[in-house]
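# Summary of the model geometry
One-letter residues, chain by chain:
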Amino acid sequence: MPRNNLDPEYSVEYLSILNEKGDLDEELAPDIDDDLLKRMFRSMLLSRRFDEQQLQLQRQGRIGTFAPVKGQEACQIGAMAVLHDRDWFVPAFREFAAMIWRGFPLTDMLLHTAGYNEGGAIPKDKHDLPISVPVASQVPHAVGLGYASQYRERDEVSIVFFGDGATSEGDFHEGMNFASLLQTPTIFLCQNNQWAISVPREEQSKSRTLAQKGLAYGMPSLQVDGNDILAVYAAVSEAAQRARDGKGPTMIECVTYRLGIHTTADDPSKYRDKSEVEKWEKRDPLPRFKNYLLGRDLLSDDEIKTMESEIKDQVEQAWKDAEGRIEKLAGADVMFDYIYAERPAYLEAQRESNRSAGGAKR
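Summarised in this report is the structure supplied together with it. (Residues numbered from 1 in each chain as written. Predicted model: local features only at pLDDT ≥ 70, side-chain atom pairs only at ≥ 80, totals over all residues. Heavy atoms only, no water.)

As a further point, take unusual backbone geometry. Unusually for a residue other than glycine, A136 sits at a positive phi of about 75 degrees. For A136, a relative accessible area of 1% corresponds to the buried category. (Buried < 20%, exposed > 50% of the residue type's maximum accessible area, 1.4 Å probe, protein only.)

On to the side chain of D108. Mapped onto the secondary structure, D108 falls in helix α4 (residues 106–113). Looking at D108, its side chain comes within polar contact range of the side chain of R325, at 2.4 Å. Not counting chain neighbours up to four residues away, the residues in contact with D108 comprise G119 and R325. (Helix = DSSP H or I, 4+ residues; strand = E, 2+ residues; numbered from the N terminus. Polar contact = N/O pair within 3.5 Å; in protein donor to acceptor, adjacent residues only side chain to side chain. Contact = heavy atoms within 4.5 Å.)

This part is about the pattern of salt bridges. On inspection of all chains with the given rule, the structure shows 20 salt bridges. Of the charged contacts, one joins R48 and E73 as a salt bridge, the two residues approaching to 2.6 Å between their closest N and O atoms. You can see R48 sitting in helix α1 (residues 34–59) and its partner E73 sitting in helix α2 (residues 73–80), a full 25 residues away along the chain. The class for R48 is buried, based on a relative accessible area of 5%. E73 sits in the buried class, given a relative accessible area of 0%. (Salt bridge = Lys/Arg side-chain N within 4 Å of Asp/Glu carboxyl O.)

As a further point, take the packing of helix α5 (residues 139–151) against helix α6 (residues 170–182). At a minimum axis distance of 8 Å, the contact between α5 and α6 shows a crossing angle of 15 degrees. When the axis of α5 is compared with that of α6, the two are roughly parallel. For α5 against α6, the interelement crossing comes out left-handed. Every residue of α6 that contacts α5 at V139, P140, V143, Y147 and Q150 is listed here: D171, F172, G175, F178, A179 and L182. Along the lines of polarity and charge, the residues of the contact of α5 with α6 split into eight nonpolar, two polar and one charged. (Axes fitted to C-alpha atoms, helices over the stretch in contact; angles between N-to-C directions. Parallel < 35°, antiparallel > 145°, perpendicular 65-115°, else oblique. Left-handed = near helix turned anticlockwise from the far one by under 90°. Nonpolar A, V, L, I, M, F, W, Y, C, P; charged D, E, K, R; others polar.)

Here we come to a nonpolar patch on the surface. On the surface, a cluster of nonpolar side chains totalling about 580 Å² of accessible area is made up of Y147, Y151, F178, L181 and L182. Where the nonpolar patch is concerned, the elements lending two or more residues are α5 and α6. By residue number, the principal contributor to the nonpolar patch is α6, which donates three residues. Along the chain, Y147 falls in helix α5. Since its relative accessible area comes to 37%, Y147 is described here as partly exposed. (Patch = residues over 30% accessible without salt bridge, like charges linked within 9 Å, V, L, I, M, F, W, Y side chains within 5 Å. Areas by Shrake-Rupley, 256 points an atom, 1.4 Å probe, with all protein chains shown as cover.)

On to the packing of aromatic side chains, then. Aromatic rings in a pair are described by how distant their centres are and how their planes are angled relative to each other. Within the structure shown, the criterion is met by nine aromatic pairs. Judged by centre distance (5.2 Å) and plane angle (50 degrees), the rings of W195 and Y271 are tilted. Here the residue W195 occupies a position in strand β5 (residues 195–196), and Y271 occupies one in the loop between β8 (250–255) and α9 (274–281), the gap between them amounting to 76 residues. For W195, a relative accessible area of 8% translates into the label buried. These aromatic residues form a ring-pair network of at least three members: F41, F289 and Y292. The positively charged end of R39 is found above the aromatic ring belonging to W101, 3.7 Å away from the centroid. R283 extends its terminal NZ or CZ atom over the ring of W280, reaching a point 4.4 Å from the ring centre. (Phe/Tyr/Trp six-rings, centres within 6.5 Å; stacked < 30°, edge-to-face > 60°. Lys NZ or Arg CZ within 6 Å of the ring centre and 35° of its normal.)

Here we take up the pairing of strand β4 (residues 186–192). Of all seven residues in β4, seven are buried, a share of seventy percent or more. Burial along β4 is two-sided: the face carrying T186, F188, C190 and N192 and the face carrying I187, L189 and Q191 are both buried. In this structure, β4 lies alongside β8, joined through six bridges in parallel fashion. Directly across from L189, in β8, lies its bridge partner I252. (Pairing = 2+ DSSP bridges.)

Function cannot be read off these values alone, since they describe shape.
Next comes the structure, spelled out in structure tokens:
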């Protein structure tokens with residue numbers, strides 16, 4: 001018998017609307033209200049400045065380690081601007097821009113980064129999950145949320161963020177398989193920032209794209225210029241509408257770049273060339289979007305200066321408020337409080353040792 005080619009149900013397309021040179025594809029450009037465009041830009045700018053402030057605080061020893069979002073703001077703001085408050089947001093550990101869009105207080109984020117669990121508490125009326133550090137572990141959670149919404153016949157979509165490294169984890173594949181089988185209203189958004197800590201994309205997978213991994217699970221899959229906020233918005237809009245129409249999940253790969261460090265415990269100069277970073281800096285999503293808005297007369301240089309001033313005050317006040325809350329919170333002794341109903345002698349000894357060593361404060 002002859003061999004026959006089996007064509008997959010879907011193929012992978014690449015979407016770019018506003019390229020790094022400022023060229024706009026008018027036919028593909030999404031219809032976004034002017035006020036929303038300006039809000040998206042301000043959120044990106046706030047995210048960048050908040051990133052810078054956190055880095056300064058960490059280097060001063062005032063907060064703990066964190067994962068900067070610099071360079072990936074368009075992936076996150078472009079996606080979240082599409083969704084409603086009732087939709088479920090499932091982050092990994094670098095989603096500060098998305099969290100800002102969702103209304104997470106800067107003070108809470110600083111508190112959490114400083115080591116206080118209270119900063120990571122999610123109000124009961126919010127459809128947000130807390131930061132998830134174990135790679136890809138949040139993916140099945142997003143699928144479960146989508147399945148629950150589908151079962152209860154609620155008009156809710158779940159979106160889960162993860163990096164290129166997560167596509168090598170079992171949780172990612174299990175989540176994709178269940179989402180496809182159950183046709184859950186889930187959007188899988190991969191931020192391919194080219195580096196899984198120190199492992200480059202070409203050593204992560206031999207697949208031509210990461211988006212095509214969705215094809216194996218029978219779901220529409222798309223690769224997007226992740227530094228083009230308009231393209232991300234358009235792609236997520238299509239995926240969200242598809243999910244709301246009962247047509248199941250979508251896989252979106254946002255091709256972007258981690259302009260900064262993996263975390264504050266990382267030194268990327270040990271494993272990547274400066275020339276590579278400089279090449280991607282020319283594709284920075286923030287100036288690209290800013291120039292687009294200036295060109296359309298939706299923003300002026302004076303308005304941007306005012307934004308910068310307001311944001312500076314906002315991030316500085318957030319840290320002052322965080323310091324005030326830290327003073328009122330319990331010390332490090334609380335880590336001994338919720339392990340056993342009755343504290344064993346050896347743990348009590350550790351608690352007293354911690355106190356005598358001055359470790360009562362966090």
